[in-house]
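Okay, here's what each chain looks like letter by letter:
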Amino acid sequence: MVYEGRLGARLPPALRLILVKADGSIAVHADAKAYKPLNWMSPPCTLQESAGLLVASSPGGESLRIELHEVLHDHNVELGDDPGLAKDGVEAELQELLARRVQALRADLALVRREYPTDIGPVDLLCRDADGRAVVVEVKRIGEIAGVEQLLRYQERLDLDGTLAPTLGMFVATRIKPQARVFAEARGVECVEIDLEELRAGAPPDLRLF
């Protein structure tokens, strides 16, 4: 397997699990690293199949080339509509508190709606900035790459609406992991770390912008 993009990466032949999802993503897993893939391509990407070969390409010129020496199992599963992830108490409280005072994130923000609906699930907060631009806010307790990818999927759907496009993304958490921050910044997403206790107390929160 060979990845070509911002960096180069290779994986030697071995037994792998390859997941191709309906959202246009592909991930290559080993029997280790828990849920984290060895390599992946985020949506949207184009998949080309030929004898013994899968090639995933992104609009940005990245490619993931996977050679299939032997296929042990090939199966399609239709998962249907996703009801969305139920937030834990901290995430739900963060979302509620921030909906009441979105200016804690940025002084020029005004709330349009909490839980703004899309066809792939509700956006935590949809706001407008001083220039009238739509700002899509995703709230997490701990900010990880999966949360950034979720935000990007919401932005992709909302950008289909001419009254909202082009949207801006804002990723908010009590702590954002370094890998997630790098990934978010590379996709033009603003990252904000916020102190829940200070937000509860109503004091100006200690925000760290990256």
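Going along each chain's sequence as written, the residues are numbered from 1 onward. Since the coordinates come from a predicted model, pLDDT governs what is reported: local features require at least 70, and pairs of side-chain atoms require 80 or more to be given and counted, while whole-chain, interface and lining totals use all residues. Here the side-chain values reflect all heavy atoms present in the structure, with hydrogen atoms and water set aside.

## Here we look at helix 3 (residues 178-186)
Three labels apply to residues, based on accessible area from a 1.4 Å probe with only protein chains included: buried if under 20% of the type maximum, exposed if over 50%, partly exposed otherwise in between. Segments assigned H or I by DSSP are reported as helices when at least four residues long, segments assigned E as strands when at least two residues long, and all are numbered from the N terminus. Of all the residues in helix 3, the buried ones are A180, R181, F183 and A184. Taken around the axis of helix 3, the buried residues stretch over an arc of 165°, which confines them to a single face. Residues P178, V182 and A186 are exposed on helix 3 and point more than 90 degrees away from its buried face. Remark: G188 follows helix 3 within two positions and exhibits a positive phi of approximately 80°. For this quantity, the arc is that covered by the directions from the helix axis to the C-beta atoms.

## Quick look at the nonpolar core
Burial of nonpolar side chains together is a common tendency in soluble globular proteins. By nonpolar core we mean a set of buried residues, namely Ala, Val, Leu, Ile, Met, Phe, Trp, Tyr and Cys, connected to one another through side-chain atoms within 4.5 Å. Residues L98, L105, V137, M170 and V172 are the most contacted members of the largest nonpolar core, which totals 19 residues. With four residues, helix 1 (residues 89-100) is the single largest residue contributor to this core. Two residues form a contact once any of their heavy atoms are found within 4.5 Å. The residues touching V172, leaving out its near neighbours within four places in the chain, are L98, L105, V137, E138, V139, K140, V192 and I194.

## Quick look at the confidence of the model for the protein
Close inspection of predicted coordinates is inappropriate for parts of the model with low pLDDT. Model confidence for the protein is summarised by a mean pLDDT of 85, while 89% of its residues fall at 70 or above. In this model residues 203-210 is a low-confidence stretch, pLDDT under 50, and it forms 27 contacts with partners more than four residues away in sequence or in other chains. One number per residue, pLDDT, summarises how confident the predictor is, and it ranges from 0 to 100.

## Comments concerning the sheet that holds strand 3 (residues 17-20)
Spatially, three strands are ordered 3-4-5 in an open sheet, and the strand pairing comes out antiparallel. Of all strands in the sheet, those bounded by a partner on one side alone are strand 3 and strand 5 (39-41). Recorded for the sheet is a direction-independent mean angle of 10° between the axes of neighbouring strands. One bridge is not enough; two strands pair if DSSP finds at least two bridges between them. Bridge count between strand 4 (residues 26-29) and strand 5: three bridges; the pairing is antiparallel. Residue pairing in the sheet places I26 in a bridge with M41 of strand 5. A fitted line through C-alpha atoms serves as each axis, taken over the contacting stretch for helices, and the angle formed by two N-to-C directions is quoted from 0 to 180°.

## Thoughts on the pairing of strand 7 (residues 53-57)
With four of its five residues buried, strand 7 lies for the most part within the structure. Note that strand 6 (residues 46-50) and strand 7 share five bridges and pair antiparallel. Note that in strand 7 the partner of T46 across the bridge is S57. Adjacent in sequence and paired antiparallel, strand 6 and strand 7 are bridged by two residues, among which G52 carries a positive phi angle near 75°. By the bridge criterion, five bridges tie strand 7 to strand 8 (residues 63-67) in an arrangement that is antiparallel. Considered in strand 8, the bridge of V55 is made with R65.

## Details of the packing of helix 2 (residues 145-158) against helix 3
Put simply, helix 2 and helix 3 touch, their axes get as near as 8 Å, and they point 25° apart. Considered as vectors, helix 2 and helix 3 are oriented roughly parallel to each other. Contacts between helix 2 and helix 3 pair I145, V148, E149 and L152 from the former with Q179, A180, F183 and A184 from the latter. Gly counts as polar in this scheme, as do all residues outside two lists: the nonpolar Ala, Val, Leu, Ile, Met, Phe, Trp, Tyr, Cys and Pro, and the charged Asp, Glu, Lys and Arg. Here the residues of the contact of helix 2 with helix 3 are counted per class, giving six nonpolar, one polar and one charged. Should an angle fall under 35 degrees it is called roughly parallel, over 145 degrees roughly antiparallel, and 65 to 115 degrees roughly perpendicular, with every other angle called oblique.

## A closer look at the pattern of salt bridges
A side chain with one charge may pair with a side chain of the opposite charge, provided their charged atoms come close. For salt bridges, the criterion is a side-chain nitrogen of Lys or Arg within 4 Å of an Asp or Glu carboxyl oxygen. Overall, the coordinates contain ten salt bridges when judged by the stated rule. Among the salt bridges present, the one from E193 reaches R181, with a minimum N-O distance of 3.0 Å. Here the residue E193 occupies a position in strand 13 (residues 190-193), and R181 occupies one in helix 3, the gap between them amounting to twelve residues. Like E193, the residue R181 is buried in the burial classification. It is possible to trace a salt-bridge network through shared partners that takes in R106, D108, D129, D131, R133 and E190.

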